[in-house]
Amino acid sequence: MFFLGKNCFTSVVQSLSLAWNYRKLLVELSLHELRSRHSRSALGFMWHILSPLVQVSLYVIAFGYIMQFRFAMKAGGGLGFAFYLCSGLIPWLVFAETLQRGTNTLVAHANILQKTSLPSCLFIWRDIVIRLIDLFVGYAVFVALFTVTGKNIPFTMVQVIPVMVLQQIFVMALVFPLAAINIFFRDTLQLVKAVVRFWMWVTPVIYPLEIIPEKYRLIMAFNPMSHFISSYHEAVYYGHWLNGKAWLILFLLAVIPTFVSICFFSRIESECRDNL
Amino acid sequence: MNSEVVVSVDGLTKKYWSYTHAAYRLLDWISPFSRRHGVEREILSGISFELRQGQAIALIGDSGVGKSTLLKCIAGIIESNSGKICVKGIMCPMLQLKGGINPNLSGRENIYYLAALHGFQRGLVSGQLAAIIDFSELENKVDEPVWTYSSGMIMRLAFSVYVHLKPDILLIDETLSVGDARFQEKCLRRLHDLLAEGVALILVSHNLQRIKQFCNQALWLDNGRVKMLGDVNSVVQSFESHEVGLGLTSAVTKSLDV
């Protein structure tokens, strides 16, 4: 593909070796960010648990009790539906947050990128890593809460760990070009915010894939996030092991876009730096 | 002149792509053809100079001639289009003291953070921590978050970090006015000490008095080209008489520079 540039393989290798060379700094920057993020709030990290909790309660009250959504009833009313919701909504919220923050990250760190020779991708990687940690912690809290209420968490849930990693790699692929374009068009961020809202409703986050009429299922298959979110449901709610095909799809969804986006980004990176 | 060359710049050229609208840039990024919608502007062309250990060079010239761009190219912040830049040793760009400070972290954490942003490992900072805190005169305040600091205190903190990281080359862009007069004096003395220890300096400043005080060489940039390169006194003198020729008396330029 022409817009990848001539040396796309070299640029991917270079980018990976850059990541390896800067690994210590990446860890250090992530730690600084984790420390500074909540330094002026009383509840600190709790907000990462509280805000999904509020959202889940809203959906449970609306669809489980007031509107008596058919699926919600089938899932076992309030708590069962809440369990279904949480397993997909927590990764979705982290996905949305990573995408939105990531799009703005180069602009937000312009003052640093203008003054130091650090590679600009370092800040993108840092954001991906931090949200991955958020996702791990968020999921751990969710599992702990449901274990306390007596819910039996299936062992198949260990599969969510590689799914989370693949999901964040997929987001990274989206973030690289978006963050670069956002330098020139600040509208990109607004656009991303709007698209994310729309995207949530075409992804089976608060409803199961089965209730979508057959003729729309194909559209769902072309939505990468529906594969990720369905995997969480399969692993946690239904307690299934994902088959080889499902893993292959997730893997390709992470790797191919990343390859394309790194090639594209390394072609325009220096121009972005000039214009920050 | 037997000391080692630490920075050598040879035929450096920097061009920017300039577009009337950002959309054209996007179009060029994804188009299979070469750039058709942009204009390539040359900001720097054919810059060459050498800097040895313990020496200081000043970049002078009117605003907008590419002094800061040159400094950024040398620091590796932006890529040059052609020409060679050879740097031996650790370089520390001190381009804007406040840039990179994270107001939510404490002063102590910011010391590590600033160092990390310039690629210095935690271990190296730990060894220098006492000296940095001592030099910044922040004392107990160093454990409080930086958003409670005055701007002078932030400057003091940042300056202390930069001069204690043992760089071999320091790049300074108009950052010499740090805090009150007494602390400023202390900073200048520290820079003199560093020079004596063999640190090389590249200084961008409009303060010609200070340039004469610090530098032994000067490079006069005009429109992205080297107009004059050589001994600081002769270059500054020519620059001043050029300014006089433009209708500014040197007295006026001096008072503007302060």
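Please read all numbers here as calculations on a predicted model, not as lab measurements.

Q: Would you explain the overall build of chain B in this entry?
A: Along chain B, the regular secondary structure elements total nine helices and nine strands. The burial tally for chain B puts 49% of its 258 residues in the buried class. Surface summary for chain B: the accessible area is close to 11500 Å², and the carbon and sulfur share equals 49%. Charged side chains of chain B number 26 positive and 26 negative; the gap between the two group centres comes to 4 Å.

Q: Please explain the packing of helix α12 (residues 244-275) of chain A against helix α1 (residues 22-30) of chain B as it appears in this structure.
A: Axes are the key here: two packed helices are described by the angle between their axes and the distance separating the axes. Taken N-terminus to C-terminus, the directions of α12(A) and α1(B) make an angle of 155 degrees; their axes are 11 Å apart at the nearest point. Classified by the interaxial angle, the pair formed by α12(A) and α1(B) is roughly antiparallel. Here the hand of the crossing between α12(A) and α1(B) comes out right-handed. The residues of α1(B) that touch α12(A), namely those facing Phe264(A), Arg267(A), Ile268(A), Glu271(A), Cys272(A) and Asn275(A), are Arg25(B), Asp28(B), Trp29(B) and Ile30(B). Here the contact of α12(A) with α1(B) is composed, by residue class, of five nonpolar, one polar and four charged.

Q: Mind showing me how you'd approach a nonpolar patch on the surface here?
A: Residues and elements named next belong to chain A. A grouping of Val-129, Ile-133, Phe-136, Val-137, Ile-161, Val-165 and Ile-169 is seen on the molecular surface, where their side chains present a nonpolar patch of about 450 Å² in accessible area. For the nonpolar patch, the element with the highest residue contribution is helix α7 (residues 121-148), accounting for four residues. Within the fold, Ile-133 resides in helix α7.

Q: Could you clarify how one ought to interpret the packing of aromatic side chains in this entry?
A: Ring pairs (aromatic) are described by centroid distance and by the angle formed between their planes. Using the criterion set out here, one finds 21 aromatic pairs over all chains in the structure. Ring plane angle 75 degrees and centroid distance 6.3 Å describe the contact between Trp92(A) and Trp199(A), whose orientation is recorded as edge-to-face. Placement of the pair is Trp92(A) in helix α5 (residues 77-108) and Trp199(A) in helix α9 (residues 187-201), with a sequence separation of 107 residues. According to the relative accessible area criterion, Trp199(A) is buried, its value standing at 15%. Each ring, one from Phe95(A) and one from Trp199(A), has its centre 5.1 Å from the other, and the planes form 85 degrees; the classification is edge-to-face. With Phe95(A) in helix α5 and Trp199(A) in helix α9, the pair connects residues that are 104 residues apart, well separated along the chain. Three or more aromatic residues joined by ring pairs form one cluster here, namely Phe83(A), Tyr84(A), Tyr139(A), Phe142(A), Phe146(A), Tyr232(A), Tyr237(A) and Tyr238(A). Stacked on the ring of Tyr112(B), the Lys or Arg Arg122(B) has its end atom at 4.0 Å from the ring centre.

Q: Whenever I open this one, the interface of chain B and chain A confuses me. Can you help?
A: One frequently used descriptor of interface size is the decrease in accessible area upon assembly of the parts. With 40 residues of chain B at the contact, the number on the chain A side is 34 residues. Carbon and sulfur atoms make up 59% of the surface buried where chain B meets chain A, a total of about 3100 Å² over both sides. If you look at where chain B meets chain A, you find four salt bridges. Among the salt bridges present, the one from Arg35(A) reaches Glu109(B), with a minimum N-O distance of 3.3 Å. Connecting chain B to chain A are six residue pairs in polar contact (both at pLDDT 80 or more). Elements that contribute at least two residues to the side of chain B that touches chain A include exactly β1 (5-18), α1, α2 (67-75) and α3 (107-117) of chain B. At seven residues, the largest contribution of residues to the side of chain B that touches chain A is made by α1(B). Residue composition of the side of chain B that touches chain A, grouped by class: 20 nonpolar, eleven polar and nine charged.

Reading the values: rules and limits
Residues numbered from 1 in each chain as written. Chains lettered and ligands numbered in written order. Predicted model: local features only at pLDDT ≥ 70, side-chain atom pairs only at ≥ 80, totals over all residues. Heavy atoms only, no water. Helix = DSSP H or I, 4+ residues; strand = E, 2+ residues; numbered from the N terminus. Buried < 20%, exposed > 50% of the residue type's maximum accessible area, 1.4 Å probe, protein only. Areas by Shrake-Rupley, 256 points an atom, 1.4 Å probe, with all protein chains shown as cover. Lys, Arg positive; Asp, Glu negative; His and termini not counted. Charge placed at Lys NZ, Arg CZ, Asp CG, Glu CD. Axes fitted to C-alpha atoms, helices over the stretch in contact; angles between N-to-C directions. Parallel < 35°, antiparallel > 145°, perpendicular 65-115°, else oblique. Left-handed = near helix turned anticlockwise from the far one by under 90°. Contact = heavy atoms within 4.5 Å. Nonpolar A, V, L, I, M, F, W, Y, C, P; charged D, E, K, R; others polar. Patch = residues over 30% accessible without salt bridge, like charges linked within 9 Å, V, L, I, M, F, W, Y side chains within 5 Å. Salt bridge = Lys/Arg side-chain N within 4 Å of Asp/Glu carboxyl O. Phe/Tyr/Trp six-rings, centres within 6.5 Å; stacked < 30°, edge-to-face > 60°. Lys NZ or Arg CZ within 6 Å of the ring centre and 35° of its normal. Buried area = accessible area lost by both parts, 1.4 Å probe. Polar contact = N/O pair within 3.5 Å; in protein donor to acceptor, adjacent residues only side chain to side chain.

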